Amino acid sequence: MKNIPSFIRELYGSQEFIPLHPPIFIGNEKSYLNETIESTFVSSVGAFVDRFEEQTANLLGVSKSVAVVNGTSALQLALRVAGVQNKDEVITQSLSFVATANAISYLGASPVFIDVDLDTMGLSPHHLNNFLNEYAENREDGCYNKITGKKISACVPMHTFGMMCRVDEISVICDDWNIPLVEDAAEAFGSKLNNQYAGSFGLINAFSFNGNKIITAGGGGLVCSNTISMADKAKHLSTTAKKGHNWEYFHDELGYNFRMPNVNAAIALGQLECLSILISSKKEIFKKYQDFFESSPIKLISPLDNCLWNHWLFSVCLENREERDAFLRYTNENKIMTRPIWNLLFKLPMYKSCYRDDQKNAIYLEDRIVNIPSGAKV
Ligand SMILES: *Cc1c(COP(=O)(O)O)cnc(C)c1O
């Protein structure tokens, strides 16, 4: 462990403090930002919003995308359009950022926590199957939990640190059970499984462009779908459900003010243009980590072979909780920023009474996984 800080410091140059994942602006972000101010179109109507939506849809190979204020709202919106309603159940993983479960709860639904796979750290198709075989029943209007009597109105796998979960297998299971699939692809912009982009597997899906993500809008999110009517519905709900009219204020249902402002879209578009440069740089840095950790008892985490990874956040697996804590203490004391994976969501006060399966893999990973500095260097 002793040589880790000096290796990472060498990797990133000799800065005093090495952050986990700082944003990098090397493209047109500033000039686009200036354009928004000069045009006065700084708010949620503007050319950069349209351009960002168009270019993300083209890149991901989806029919349409809708830019919103953040990833949490994107997920809430996607779930609402997928049909999630008050008192429903939504299947997801407890090994995730709190926003995954919060978005479900904002709609009045409850998360049902199913275990993850050890290798992907994302929702396990095996454990999903086990749960559904035991609890689920198909009725005319969808899938229900036989025990609680509640509708299971969505399944939300998450691609941890940008590494794809087995979303192809999950998609087949969801189809069999008639459960809408919604990807929390917040961390996986630009990642692919079997040459298909994250955020294009589900019925309607969500991304985040927060400051710590692979590309940032300052704050921002994206909803995208291959069903145009669903994306249109998301756009309508994100703009207070206002009917288009030159002057009338008529809103035909309860909507939200979730549209992404043009200033944020300007930054996001500049970032999007640099995505492949950022990913290549991170790939190079990851290779150096691989060489370094090859001879170490600490294991560097890699994605599945059929995953083309955006290399968002790098992580290592320690021997046990004590080793994890020692690693965190040592690196942070040496001004190398490292962070543990999230506290499992069923341990948080608001989610402690939600259903969960045995969570063996999630608990194993919670005790051992730590993120290490993962920024690009260009
Ligand atoms: C970042 C993130 C979100 C939420 O995105 P915000 O833009 O911060 O609201 C949701 N889910 C996961 C897994 C995330 O990492």
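Caption draft 1: View of the site of the ligand. As a matter of local geometry, the ligand sits amid 15 residues, with Gly71, Thr72, Glu187, Ser208 and Lys213 nearest to it. Residue Asp184 places a side-chain N or O atom 2.9 Å away from a nitrogen atom belonging to the ligand. When the free accessible area of the ligand is taken as 380 Å², the share hidden by the protein chains comes to 92%. At the level of elements, α4 (71-82) and α5 (98-106) are the ones that each hand at least two residues to the shell around the ligand.

Caption draft 2: Fine view of the sheet that holds strand β2 (residues 89-92). Spatial strand order, β3-β2-β6: 3 strands in an open sheet with parallel pairing. Two strands in the sheet have a free side with no partner beyond their single neighbour: β3 (110-113) and β6 (152-156). Along the sheet, successive strands turn relative to each other by an average axial angle of 30 degrees, direction set aside. The pairing of β2 with β6 spans 4 bridges and is classified as parallel. Across the sheet, Ile91 pairs through a bridge with Cys155, a residue of β6. Sitting on the sheet, α5 touches β2, β3 and β6, and the angle it makes with β3 is about 140 degrees.

Caption draft 3: Highlighting the sheet that holds strand β15 (residues 369-372). Spatially, 4 strands are ordered β11-β13-β15-β14 in an open sheet, and the strand pairing comes out antiparallel. Two strands in the sheet have a free side with no partner beyond their single neighbour: β11 (299-300) and β14 (339-340). The sheet contact formed by β14 and β15 spans 2 bridges and is antiparallel. Paired with Arg339 across the two strands is Asn371, which belongs to β15. Strands β11, β13 (314-317) and β15 of the sheet are contacted by helix α10 (residues 275-294), whose axis makes an angle of about 20 degrees with β13. Its contacts with the sheet place helix α11 (residues 321-333) against β13, β14 and β15, and it is angled at close to 20 degrees to β15.

Caption draft 4: Just the environment of Val90, in detail. Positionally, Val90 belongs in strand β2. In sequence terms Val90 and Arg324 are 234 residues apart; their C-alpha atoms lie 32 Å from each other. The residues touching Val90, leaving out its near neighbours within four places in the chain, are Leu79, Val84, Ile104, Ala109, Ser110, Pro111, Val112, Ser153, Ala154 and Val156.

Caption draft 5: Broad picture of the pattern of salt bridges. Enumeration over the complete set of coordinates arrives at 14 salt bridges. With a shortest N-O distance of 2.6 Å, Arg166 and Asp119 are connected by a salt bridge. With a gap of 47 residues between them, Arg166 in the loop between β6 and α7 (167-177) and Asp119 in the loop between β3 and α6 (125-135) connect regions that are remote in the sequence. By relative accessible area, Arg166 is classed as buried at 19%. Residue Lys347 pairs with Glu366 through a salt bridge whose shortest N-O separation is 2.7 Å.

Caption draft 6: Unusual backbone geometry, seen in detail. Positive phi outside glycine occurs at Met121, with the angle close to 65 degrees. For Met121, the position within the fold is in the loop between β3 and α6. A positive phi angle is found at Gln359, which is not glycine, with a value near 60 degrees. Relative to the helices and strands, Gln359 resides in the loop between β14 and α12 (360-366).

Caption draft 7: Local environment of the domain arrangement of the protein chain. Domains assigned within the protein chain are domain 1 (4-25 + 275-345 + 355-372) and domain 2 (29-274). Measuring from the centre of the C-alpha atoms in domain 1 to the corresponding centre in domain 2 gives 25 Å. Contacts between the two partners involve 39 residues from domain 1 and, on the opposite side, 49 residues from domain 2. Here domain 1 packs against domain 2, burying approximately 3,700 Å² in sum over the two surfaces, 64% of which is carbon and sulfur. On the domain 1 side of the contact with domain 2, Leu275, Trp342 and Leu345 bury the most area, a combined 22% of that side's loss.

Parameters and conventions
- For every chain, the first residue of the written sequence is number 1, and numbering continues from 1 along that sequence.
- The predicted origin of the model limits local features to residues at a pLDDT of at least 70 and limits the giving and counting of side-chain atom pairs to 80 or more, whereas totals for whole chains, interfaces and linings rest on all residues.
- Water and hydrogen atoms play no part in the side-chain values, which are based on all heavy atoms of the structure.
- Summary of the distance rule: residues count as near a molecule or strand when at least one heavy atom falls within 4 Å of that molecule or strand.
- Two N or O atoms form a polar contact when they lie within 3.5 Å of each other; inside protein one atom must be a possible hydrogen donor and the other a possible acceptor, and for residues adjacent in sequence the pair counts only when both atoms belong to side chains.
- Only the protein chains shown count as cover for residues, and the accessible areas themselves come from Shrake-Rupley with a 1.4 Å probe.
- By the criteria applied, helices consist of DSSP H or I runs no shorter than four residues and strands consist of E runs no shorter than two, each listed in order from the N terminus.
- Pairing between strands is defined by DSSP: at least two bridges between them are needed.
- Between the N-to-C directions of two axes lies an angle of 0 to 180 degrees, each axis being a line fitted to C-alpha atoms and, for a helix, fitted only over the stretch in contact.
- Note on contacts: a residue pair is in contact if any heavy atoms of the two residues lie within 4.5 Å.
- One side-chain nitrogen of Lys or Arg within 4 Å of one carboxyl oxygen of Asp or Glu is enough to make a salt bridge.
- Exposed residues in this analysis have more than 50% of their type's maximum accessible area, buried residues have under 20%, and partly exposed residues fall in between, with area computed by a 1.4 Å probe over protein chains only.
- Domain delimitation in this document rests on an assignment produced automatically or drawn from a domain database.
- Put simply, buried area is how much 1.4 Å-probe accessible surface two parts lose in total, over both of them, once they are put together.

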